[in-house]
Amino acid sequence: DGVIAVDPSVIPLGTSVYLKNDAMDVGVRVAADTGVYGNTVDVWMNENSPLYSVFAPAGVWEMTCYILD
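Let me sum up the structure you'll find in this document. Note that this is a predicted model, so its numbers are computed, not measured.

Analysis parameters
Residues numbered from 1 in each chain as written. Predicted model: local features only at pLDDT ≥ 70, side-chain atom pairs only at ≥ 80, totals over all residues. Heavy atoms only, no water. Helix = DSSP H or I, 4+ residues; strand = E, 2+ residues; numbered from the N terminus. Rg over C-alpha atoms; globule rule 2.2 N^0.38 Å. Buried < 20%, exposed > 50% of the residue type's maximum accessible area, 1.4 Å probe, protein only. Phe/Tyr/Trp six-rings, centres within 6.5 Å; stacked < 30°, edge-to-face > 60°. Core = buried A, V, L, I, M, F, W, Y, C linked by side-chain atoms within 4.5 Å. Contact = heavy atoms within 4.5 Å. Pairing = 2+ DSSP bridges.

1. Some points on the overall build of the protein
At step 1: Tallying secondary structure elements over the protein gives one helix and five strands in all.
At step 2: Helices (α) and strands (β) of the protein occur, in sequence order from the N terminus, as β-β-β-β-α-β.
At step 3: For 69 residues, the compact-globule formula gives about 11 Å, and the C-alpha radius of gyration of the protein, at 11 Å, lands near that figure.
At step 4: Its C-alpha atoms give the protein principal-axis dimensions of about 30 × 20 × 20 Å.
At step 5: Here the protein holds 69 residues, and 30% of them are scored as buried.

2. Considerations on the packing of aromatic side chains
At step 1: A full pass over the atoms with the stated rule returns one aromatic pair.
At step 2: Measuring from ring centre to ring centre gives 6.2 Å for Tyr18 and Tyr66, while their planes differ by 45 degrees; the resulting arrangement is tilted. Of this pair, Tyr18 sits in strand β2 (residues 16–20) while Tyr66 sits in strand β5 (residues 64–67), and the two are 48 residues apart along the sequence.
At step 3: A relative accessible area of 24% places Tyr18 in the partly exposed class.

3. Describing the nonpolar core
At step 1: In this structure, Ile4, Val6, Ile11, Val17, Leu19, Met24, Val26, Ala31, Val43, Met45 and Phe55 together form the largest nonpolar core, which totals 11 residues.
At step 2: Contributing elements (two or more residues each) for this core: β2 and β3 (25–33).
At step 3: Contacts of Met24, omitting those with residues within four sequence positions, involve Leu51, Val54, Phe55, Trp61 and Met63.

4. Re the sheet that holds β3
At step 1: The sheet built from five strands is open, its strands ordered β4-β1-β3-β2-β5 with mixed pairing. Sheet topology places β4 (42–43) and β5 at the edges, where each strand pairs with a single neighbour.
At step 2: Looking at chain direction, β2 and β3 are connected through five bridges and run antiparallel. The residue bridging Leu19 from the neighbouring strand is Gly27, located in β3.

Following this line, the structure appears as structure tokens:
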């Protein structure tokens, strides 16, 4: 856990972000991979994560992304 894929023209690699919405608090993640475009992030989540059972079935969630650094 802890890694997201980003569009580096939007969120530079190495940036820490905080992700949340009304349904869940994903927490702090680090932009460490690419392969998505625009204002989208791809959250990697381990199957053993407590949030996995909530997060994975829907696949796509709208979240607020706070840039921490």
